[in-house]
Structures are given as C-alpha cells and as structure tokens.
Amino acid sequence: MPQIVLRNITKTFGKTDAVHDLDLVIEDGDFVTLLGPSGCGKTTTLRMIAGLETPTQGTISIDGKTVFSSDSGIDITPDKRDVGFLFQNYALWPHMTVEQNIGFGLENLKWSKDKIAQRVKELLTMLKIDGYQKRYPAELSGGQQQRVAIARTLATGPRVLLMDEPLSNLDAKLRTEMRAELKRLHKETGATFVYVTHDQLEAMTLSSKVCLLKDGLLQQYEPPMDVYHEPANIFVADFVGSPTMNFIDARAQNINLDQVKLEAEGLRMIFTPVSGSISLQNDQAVVLGVRPENILVADSSPLSSKVYSTLPSGMETILKLEVGTLVLTAVVFGSVDYQIDSMVKIGFSGNHCALFDKSSGEKLATGSVQLMQG
Amino acid sequence: MKTANRLKYFFRKPHNIILVLLFVSLAFLTLVPLFSLIRDTFIVHPSEIMSVRGAKINDVTLFHWKKVLLDGTKSFKLFYEPLWNTLKVSLFSSIIAIFLGGSFAWLVTRTDMAFKPFISVVFIFPYIMPSWTLAMAWLNFFRNKLIGGAPGLFTALTGIETANWFAYGIFPTSVVLGLHYAPFAYILIGGILRNMDANLEEAALILKASRAKIIARINLPIIMPAILSTFLLVFSSTMSAFAVPAFLGTPVRFQVLTTQLYRTLNGLNPGYGYIMAVVMIVIGLLILAVNQWYLGKRKSFVTVTGKSSNISFIKLKKMRPVISGAALFIVAAIAILPLLTFVVESFILAPGNYSFSNLTTQFWVGLGREDIGGGEPGILLNKSVYIAFWNSLKLSAVVALVVGTVGGLAGYAIVRGRGKKLSAIVNNLAFFPYLLPSMAFGAIYLSMFAKPIGFFPSLYGTFFLLVLIGSVKYLPFASRAGINAMLQLSGEIEEAAIIMGIPWRKRITRILFPIQKSSFLSGYLLPFISCMRELALFVLLITPANRVITTLLFQYNEKGWNQWANGINLLIIIAVLSINLLINKLTGASIDKGIGS
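Residues numbered from 1 in each chain as written. Chains lettered and ligands numbered in written order. Predicted model: local features only at pLDDT ≥ 70, side-chain atom pairs only at ≥ 80, totals over all residues.

## What to know about the domain arrangement of chain A
Residues and elements named next belong to chain A. With domains assigned, chain A is organised as domain 1 (4–237) and domain 2 (243–371). The centre of domain 1, based on its C-alpha atoms, is set 38 Å off from the matching centre of domain 2. With eight residues of domain 1 at the contact, the number on the domain 2 side is 11 residues. The dominant element in the side of domain 1 that touches domain 2, judged by the number of residues it contributes, is helix α8 (residues 234–239), at three residues. When the residues that make up the side of domain 1 that touches domain 2 are grouped by side-chain class, the tally is five nonpolar, two polar and one charged. (Domains from an automatic or database assignment. Contact = placed C-beta atoms within 7 Å. Helix = DSSP H or I, 4+ residues; strand = E, 2+ residues; numbered from the N terminus. Nonpolar A, V, L, I, M, F, W, Y, C, P; charged D, E, K, R; others polar.)

## Quick look at the sheet that holds strand β6 (residues 74–75) of chain A
Residue and element names in this part refer to chain A. Across the sheet, which stays open at both edges, the five strands sit in the order β2-β1-β4-β5-β6 with antiparallel pairing between neighbours. In the strand order of this sheet, the two ends are held by β2 (16–26) and β6, each with one partner. Where strand β5 (residues 65–69) and β6 come together, two bridges link them in antiparallel fashion. What sits directly across from phenylalanine 68, in β6, is aspartate 75. (Pairing = 2+ DSSP bridges.)

## Description of the pairing of strand β1 (residues 4–13) of chain A
All names here are of chain A. As judged from the seven bridges shared by β1 and β2, these two strands associate in the antiparallel manner. Each bridged residue has a counterpart across the sheet, and for phenylalanine 13 the counterpart in β2 is threonine 16. Connecting β1 to the antiparallel partner β2 that follows it, the hairpin turn spans two residues, and glycine 14 within it adopts a positive phi of roughly 65°. As judged from the five bridges shared by β1 and strand β4 (residues 57–62), these two strands associate in the antiparallel manner. Looking at β4, one finds that isoleucine 4 is bridged to isoleucine 62.

## Quick word on the environment of Leu157(B)
Residues and elements named next belong to chain B. Relative to the helices and strands, leucine 157 resides in helix α8 (residues 153–158). What makes leucine 157 exposed here is the crowd of 10 C-beta atoms within 10 Å. Once the C-alpha coordinates of leucine 157 and alanine 289 are considered, the two residues, 132 residues apart in sequence, prove to be 49 Å apart. (Buried ≥ 20, exposed ≤ 12 C-beta atoms within 10 Å, placed from the backbone.)

## Observations regarding unusual backbone geometry
Phi is mostly negative for residues that are not glycine, and the peptide bonds are mostly trans. Omega for the bond connecting Ser242(A) with Pro243(A) falls within 30 degrees of zero, at -5°, which places this linkage in the cis form. Within the element layout of this structure, Pro243(A) appears in the loop between α8 and β12 (246–256). In the Ramachandran plot, Glu265(A) falls in the positive-phi region, its phi being about 50° despite a non-glycine side chain. On the secondary structure map, Glu265(A) appears in the loop between β13 (259–264) and β14 (267–273). On the neighbour-count criterion, Glu265(A) (11 C-beta atoms within 10 Å) is exposed. The residue Lys317(B) is not glycine, and still its phi comes out positive at about 55°. Among the structural elements, Lys317(B) can be located in the loop between α15 (270–297) and α16 (319–346).

## Looking at the sheet that holds strand β11 (residues 217–222) of chain A
Strand pairing in a sheet relies on backbone hydrogen bonds, with the paired strands running either antiparallel or parallel. Residues and elements named next belong to chain A. Strands sit in the order β7-β8-β9-β3-β10-β11 across an open sheet of six strands; the sheet is mixed. Single-partner strands in this sheet number two, and they are β7 (83–86) and β11. If you compare each strand with its neighbour and ignore which way they point, the axes differ by 15° on average. Bridging between strand β10 (residues 209–214) and β11 involves five bridges; their strand directions are antiparallel. By the bridge assignment for β11, lysine 214 is matched with leucine 217. (Axes fitted to C-alpha atoms, helices over the stretch in contact; angles between N-to-C directions.)

## Some remarks on the packing of helix α4 (residues 72–110) of chain B against helix α12 (residues 211–239) of chain B
Residues and elements named next belong to chain B. For the pair α4 and α12, the least separation of the axes is 8 Å and the interaxial angle reads 135°. Put simply, α4 runs oblique to α12. Regarding α4 and α12, the two cross each other, and that crossing is right-handed. Taken together, the residues of α12 that come into contact with α4 (itself represented by Thr86, Val89, Ser90, Ser93, Ser94, Ala97, Ile98 and Gly102) are Ile227, Thr230, Phe231, Val234, Phe235, Thr238 and Met239. Its residues placed into classes, the contact of α4 with α12 shows eight nonpolar, seven polar and no charged. (Parallel < 35°, antiparallel > 145°, perpendicular 65-115°, else oblique. Left-handed = near helix turned anticlockwise from the far one by under 90°.)

## Here's the deal with the packing of helix α7 (residues 132–142) of chain B against helix α10 (residues 170–195) of chain B
All names here are of chain B. For the pair α7 and α10, the least separation of the axes is 9 Å and the interaxial angle reads 135°. Comparing the axis directions of α7 and α10 gives the class oblique. Crossing geometry of α7 relative to α10 is assigned as right-handed. Facing Leu134, Ala135 and Trp138 of α7, the residues of α10 in contact are Pro172, Val176, Leu179 and His180. Grouping the constituent residues of the contact of α7 with α10 by class yields six nonpolar, one polar and no charged.

## Some details on helix α21 (residues 463–487) of chain B
Residues and elements named next belong to chain B. For α21, which comprises 25 residues, the first-to-last C-alpha distance of 35 Å matches the rise-based estimate of 36 Å (1.5 Å per residue) to within 8%. The largest bend along α21 reaches roughly 45° and is located at leucine 475, with the proline proline 476 sitting one to four residues downstream. Burial of α21 is extensive: 20 of the 25 residues sit out of reach of the surface. (Expected span 1.5 Å × (residues − 1). Bend = angle between axes of the 7 residues up to and from the residue.)

## As for the interface of chain B and chain A
Each partner contributes residues to the interface: chain B has 22 residues there, and chain A has 22 residues. Considering every element that reaches the side of chain B that touches chain A, the biggest residue donor is helix α11 (residues 198–206) of chain B, with seven residues. Here the residues of the side of chain B that touches chain A sort into 12 nonpolar, six polar and four charged.

## Overview of the environment of Ile17(B)
Residue placement: Ile17(B) occurs in helix α2 (residues 14–40). Sequence-wise, Ile17(B) and Ala413(B) are 396 residues apart; in three dimensions their C-alpha atoms are separated by 8.6 Å.

This is the structure in structure tokens:
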C-alpha cells in the first residue's frame, strides 16, 4: 500500500533553498495538505514527489520503492511513479474533447476502445458532467473544467493523488462545494491524497494531517485540530485560524512551577499551563497568544474595553476592541451587534491560550489565563 | 446638426484622428501605387516602342500580358519557369526554416540543452545579417570553376570539385534562404512554446504518454496554427527574396520571379516586370487569405494563455552532450563561420589561393592599383564606401525614426479603436506592405513617382523617395510592435490619466510610452536593422548620388570584385550586430518583439 516517504529532501534554485532538509512520512490513505504562504516550497515538494522536479538532495520512496535518491542516482520518471496529478490551472488539453481528455491516459495503458468508453462514462457520471463529453474545454465553465481535470486524473485509478491548489481558480461558492466533493472522493477512492494549498481553511477542513512549511522549512506536521490548538510556534499560530490569533507582548515571571505571572500594557495576568510545568528566566520576554473565540465578551467579565469596529455576519460578530494601547480581536457567536465606541467587558476563557518565547518564537506552553484585578 | 455633433465627438478622440490620417496616407502610399502598377501592365512604355508595333507611348495594350502568359516557350522561359522555381524555392526553404527553427525553439524552451544563452542569441544572427551573407559564404566555400574565377575554400582544402547543382541553383538557394529565415521561425514558434503551459505536457507525461507521443498529440496540434502562420510568412518572405537567388542562381541561369523582375525592369520590357510584380502581390494576398481563413476556422482553443510558473526542463540525459554539441556546431556554421570566410576572402590577393604568402591588406588599406579593380582604393581609404555607408546610416536612422513613431501611434490608434471598421481597415493597410515583395514595391514606386503627380513633384533620385519607401515597407514591423505593446496595457491605465485631466500628448509620452518602452523601441530597432541590410527594395531606385552601402556591395559583386564585396559585407554585419546589441543592452528592445505577434 502506498506510503510516501521523504528523507532529507533539499531543493536548491540558484542560491536559495526552496525546500530545506525535509523529512515527511505520508501514510497510506492519508489526506495530507502542504500548507504555507507562497514561496514556502509546498508546490516544489509536491512536484518532487511526482517526479516533475528533481531534488538537489535526499531520497523519496513511494510504496516502499525508491523513486529518487541523490546518493544512488535513482530518478524514476513521472510516468513510472503511478501517481495522479491535478494541476492548479487544470492543464486540460484545449484541442481535445472532454472524453478525449479523460480517455488519454487509458489509451496510453493500451486499453481497448470499448473499455475506455465505458470507464469514461463511469467517470462522467461520478463527477456529474454527463452530457458534456463532446465539448472542448474552452466551452465549459470553470467548475466543469475542474471536474473534467479530476476525472482525467482518476481515470487510471492512481493510488496516490497529488493536487496543486486545485480549487484556487474557482469562485468562493464553487470552492466550498468542491471541498465537500473532494473529501467524499478521498473516502470513495481510498487513495492517498497530497494537497497543496495556501488557504488555511481548506487545509483545516479537508485534511487528516497538515504539513506547515515556511521558507522551505517544516514548521509543524500534525492533525489540523492539534495544529490549531497546539501551534508549534508563533508563525503557525498566526497562519492558522481566521480571524487570526491575538498576540500580546508580555514580561513573564514564575510564581511557582505551575503558574506564571504576566505583565503587559498595564494588564496583569496569571497563566496556568494545562500540562506539565514550565520554568522561565526572570522577566523573560514572551508573547501570549489568545484565539478570538477565547476572548469572552460578557458583563461579568473583569476588563473594560472600547469597541473599535464591529463586523456582524449573522452567524457571528467579529469585534475589534481597544484595551489601553492594545487592539484585540474577539468573536461573539450569534446574531448580536454593538455600537462603535461603546464599552464592553471582556475576559479570557478556555485552556488553549498559548505562551511563546518572544525571541525564538517557539511555544512554551498552552494553558489558561486569568486577569488579575487592579 | 446631428451629423456635425457626431463628427465633433468622433474627432475629439485622438485615436480617431490618427486612424483617419493613417487611412488617407496609407491609401495614397499603398493602394494608389497598386492601381498605378496594374495600369502599367496595360500601357506602352518608352523603351517598348520598338517591340510593340505601331504604338505610341502610353497607348493601352494587351501586348505585355500576351507575351508573358500566352507566348508558348517564350512565356515558359520568361515567366512560367521562374514562377515554378520561385514556388519550389519558397516551399523548400520554408520547410527547412520551420524544421530547423522549430527544433531549436523546442530545444531551447523545453529541454536542458547546454549553452542555451549562447545558442539563443547567436541563432538569431543570420536573420539580423543581410540575407545574402550566407549566399556569399556559400560561394566562398563551394564555388567551382564554372564562373571563371578560382574555386572556393572547400575545394582548396579537400581537393574535391563541387558539383554545379551543389554550388549553384535551386539547392543552395533553398538551403541558404531556409537558414536565413530559420531564426524567424525560431522566434515565432519559440514565442508560442514559451507561452504554452508546460503543465499540458506534464499532465500527459504523468498519464504515461511517451515523449514522442506528447510532441505528436499535445505540442504539435496546439502550435499548429502558429506553425502554419510561420510557414506562410516565411513563404512570402522567401518568394520576394532577391539577393540570394541573384548570387546563387545567376551562374547557372536559375531564374526566379525577382531576378526576372530585375532583368526586365532594367531592360527593354518593363511591362513584363510589372506583370510579374502583380503576380507576386496576388500570391502574397492569397497567402494572407489562406492564413486568415485557417485562423478563423479553428476553434477558440488556438489561443493558448497562461504560463505555468514551474517549468522543469526535459532531461536529454545521455543525448545531452550530443545534441548540445550538434546545436553548437550548427549555430557556429550558420552564424560565425560565414564571418570568418569574409575576413579570409577580403585579405586574399589572388582568389582561390589560400596560402599565407597570398595574404594582403590591399583591399582594406591599399591605395588604388591599376592592375586590381581598375585602381579602386581599399575599403578603409575609399571615399565612395564612406559616402555609401553614411547614406545607409542616415537613411536607416530617418526611416527608423519615422516608422517607429508612426507605428507606435498606429498601434495606439488601432488598439483604442478596436472593434470598429476603420481600425480594422487601417490595421490591414498597415500590414499590407509586408506582402508586397520588396522588388515589386520598388518597381511600383519607380513607376509612380518617376513623374510628378498633382502637387507631388517627381521624386526619382531623391533621398526622400528612399525614406518614403523604407517607411512604408517597414511599417508592418513597427505597427505590430506598437499593437503588441498596447494590447498588454489595460485601458484603465490611460483612463486614470484622462480623469485627472492629463492631456493626450502627455499621456502618451509620460505614461504609455515609458511603461512599454522596450516594446515601442523595438518598433524603431527592427526597421533600422532591416533598412541597413536592405537591397531589393532600393536597388531599382538608387541613383549614383544617393548610393547606399548595400547597393554598392551589389555593384562590386556584379563586377566580380569579390574581396571588396566580402569586406564591405563584413562591415555591414559588424555595424548591424553591434547596433543591435547596443540598443538591446541599453533599452531592452529586441527584434523578436517586433516579429512575435
């Protein structure tokens, strides 16, 4: 069964490393997203797995078979790696009809005409594009082109499906629809999916594991909820989640091993790690990260703040709040609205607030935060 | 009142004014001459009084048409055989150009071939150099005893006498023209390949298609319209080539339409020549029609848009050194070796003797010697060379200035008026001179401006006539460059300035031109280069007073003064290449921007 293993993969373009010393194991049947800002090396990584790009260093194996190794000089060509690839711009051949596009791969496998026709029909039905088989790609809408591209990739029944931002050219509504379809497709085919995206929401909602990259370096490789609640560093915490996490610069001091006193912008807080103890240097510079949903807006809360702006969407309202010189983002669920410049009371809730070291950006602990009065 | 208002609104837009001006002047400079040419095929010219019995000058007659088309073997020799030769040469050379140019385009854009930067620069050289460069080099190498002189380098080195069919006639003419236009095909096809999404090929590769199958089923069908267009453009260019068949065909009396045109117009029967010019124009128009029809017939998929950001080159693997070496060899053979032969030939005293003792600097810095070339001094001391060279530079600069500016404005007006009939007509009129074979175009202007028309005085023998014909002939290059530049700019960029009340002149000079500087400047560069190396267009119109360097070279060559011809050609090439390089480095303008449309 196809497991994809990358060992010490480095890819250098000119003088810069697009990917640096990447180790990654993608288990069979996983839906892994490679997530990161543009230029982080995610597409390069995907193309290296497919064999479209040659790594500068390292080894790649698919299904136990080494397909690339810089040491032993192995470099299996893409056509022999048994992978499917979905391109960002679909790469449909403009001079072939829909059925010719879908059947091309089967033709290369020397299937008989009847069998090809049958398989194409099957795929047309499965992807709900029946009736379009005689059309040229230019005569289809973006969403239909996307479906044809998926059908073409699935036709040969690859056990590994590599996808390069396949939904980024669709409008928002279609994108949401296709996300659901892709997830079903993953279940139905049972194949291993590797999916490149810069959209954190897509990564969160689709994948079984998220691989976050920045400047060619692996930041965190864990299931989406772990990435969300236990971000490895400030970059991950900031990249994942919308609206983004609040970051508050603070000075920290151990009260005891299980409690830390924080001081920031006139606020005094106690941070209690959930698991284990932490020990800090005296007066260490830290950053406290609090997700917007963990800022509790309630009359019983201890801290006064002024409403700077309010964005009600019906399902929830996103507030920007001023506390002294700090501006915090909060989310209030439900259909509520606030007056700009009015005063509201806030506090911190939950035990997924994160404490980062300011200089390294690494996470020190996650836990709960209490505001101290006065 | 309503019409007056509509006119007022119409002319308030600067692009409409330009379109109207262009329409009027282009109609006068391209359509009127065309009718004048057709008229010339039906009248008796002064030199023809003797042959057309009982006729007076300017009488209407069908004599020329009958002689050219219906006079049995005479017509065959005069017209049909050259026509057939022209078609054969054009066909063969187009195939060679497309095969070679297309292969290089594919290698450069798609594979990991070595020396790419060098190859892609030097491969263009033959197109920048005068078209007869390779023909002269061919003669330097392969000429045999047939034309009386000494055999060439090849025979000198190997002792093998080259066969006539190899040294002269259809074979070398087709090969040389094919090589000359290969860069043209390379630029056009390379442009398409560069814009063709490499993902299309990668998608096929992942679906287990072989390399050969990808080329046959994906690349070729998609770029086929471009290949056909290229084929037609090369075909019409080679059809109007004069210098190459004149150099390589004449020794074995291999005649094509252009050489016949030159003979008849300079001889006693200009009427014949005008008919041939008409025939060439008709073929040119047919080619354009085929091209338009084919492009219109294809479905919208011919427009390949969108570049993929990730292009990984095809690995040639074991073949890499072989292919890279072969490519390097070809480039050296067609772009560098010819230059060496010019150097060698220009330093040799007695032709055909390549021994060290036979070297001389006589043809560069020698004072005139009675026994060599009738006392003609060496090139660097020769007054007529300097005058001709200066004339060429002056002519090219003026033409470039006129064409570049008019072409840029034409591009602006055509793009702004897109979708309107007038814009389409002007677009076609501006492209029309491209289809007029240079020699035929020269013939038309000769016939039209030899006498005063209306307020226009007779222009024959004036510098102005040369500027005029050069400007009209090269307008297509500049207007293409201008159109391309404008198409890449969104209209909003200008509209933003309109809203702020910035006047038109300032919008052009401060906003539009600077943004697309290199494209617009390419519209100046290509006419300059073309003009510097043009022969066929000027050869009929030149008088001793305004001789340019290319016609001087042609004269030396006709006299058989091989060393001067080689030396002067070397000068032209060095001048053209260095100017091209200089402008390219300074401004980013390049000739391929003018061609690639």
